[in-house]
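Residue-level listing of the chains:
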Amino acid sequence: AQTVTQSQPEMSVQEAETVTLSCTYDTSESDYYLFWYKQPPSRQMILVIRQEAYKQQNATENRFSVNFQKAAKSFSLKISDSQLGDAAMYFCAFDTSGTYKYIFGTGTRLKVLA
Amino acid sequence: DVKVTQSSRYLVKRTGEKVFLECVQDMDHENMFWYRQDPGLGLRLIYFSYDVKMKEKGDIPEGYSVSREKKERFSLILESASTNQTSMYLCASSSLGTSGTYEQYFGPGTRLTVT
């Protein structure tokens, strides 16, 4: 069975500092996609960043970047220069290519301290 | 921008009531999903639909049913609400994008309390 694990239920970071959220997954597939979603308090969940498994280069979106280690089945999210607006629940998700069903992790609540 | 709307942000129902949660998307997406979000459990898929009148069970379909009569609308039905169905319900839609994958777009959620 395919699984996604987020081992950090909660994390804190000082404003302007860098924080890394961890995600590991388990699959026997070779072609798949990985995502990080952000759910701010009382607001809609939005996509932060995606990574195609066939791409070796780590995805980057402004202050957000990933460290994708395919052999280790690890997909961590790094947030640089953290801002108060980054405070949210962050979910890691996995999508096997050819399907459209995601498997989500249990989430990491990120607090940003002023 | 894709917009996914849900009929209610907050809903309070009594045990045994029939409950309808409505979801509408405006981007002509083929796929629509209903998730349940509980602390420590993440998002769990209840049902999804890949076309009008087509549906498939997700991981936790017991106690729920769905209806998709029109492409833009996907309804979740609790036939007889129970207290263990108190939760946040999220609707999402997706279609194959230029990235080669199905990016999901979420609604704001409905927080359902069953008393």
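Residues numbered from 1 in each chain as written. Chains lettered and ligands numbered in written order. Predicted model: local features only at pLDDT ≥ 70, side-chain atom pairs only at ≥ 80, totals over all residues. Heavy atoms only, no water.

What follows concerns the interface of chain B and chain A. Facing 24 residues of chain B, the contacting portion of chain A comprises 19 residues. Between chain B and chain A the total buried area reaches about 1,800 Å² when both faces are included, carbon and sulfur atoms providing 54% of it. On inspection of chain B and its partner chain A, the count reaches 1 salt bridge. Of the charged contacts in the structure, one is a salt bridge between Arg50(A) and Glu103(B), with a shortest N-O distance of 2.4 Å. At the junction of chain B and chain A, the tally comes to 6 residue pairs in polar contact (both at pLDDT 80 or more). Elements with a minimum of two residues in the side of chain B that touches chain A: β4 (31-38), β5 (42-51), β9 (87-96) and β10 (102-106) of chain B. Counting residues per element, the side of chain B that touches chain A draws most heavily on β5(B), which supplies 5 residues. Across the side of chain B that touches chain A, the residue classes break down as 12 nonpolar, 10 polar and 2 charged. (Contact = heavy atoms within 4.5 Å. Buried area = accessible area lost by both parts, 1.4 Å probe. Salt bridge = Lys/Arg side-chain N within 4 Å of Asp/Glu carboxyl O. Polar contact = N/O pair within 3.5 Å; in protein donor to acceptor, adjacent residues only side chain to side chain. Helix = DSSP H or I, 4+ residues; strand = E, 2+ residues; numbered from the N terminus. Nonpolar A, V, L, I, M, F, W, Y, C, P; charged D, E, K, R; others polar.)

This part is about the packing of aromatic side chains. For any pair of aromatic rings, the description consists of the separation of the ring centres together with the inter-plane angle of the planes. Applying the stated criterion to the full structure yields 18 aromatic pairs over all chains. Measuring from centroid to centroid gives 6.1 Å for Phe33(B) and Tyr35(B), while their planes differ by 20°, and the two rings are stacked. In this pair, the class of Phe33(B) matches that of Tyr35(B), namely buried. Members of the aromatic cluster, joined through ring pairs, are Phe35(A), Tyr37(A), Phe91(A), Tyr102(A), Phe104(A), Phe33(B), Tyr35(B), Phe48(B) and Phe106(B). (Phe/Tyr/Trp six-rings, centres within 6.5 Å; stacked < 30°, edge-to-face > 60°. Buried < 20%, exposed > 50% of the residue type's maximum accessible area, 1.4 Å probe, protein only.)

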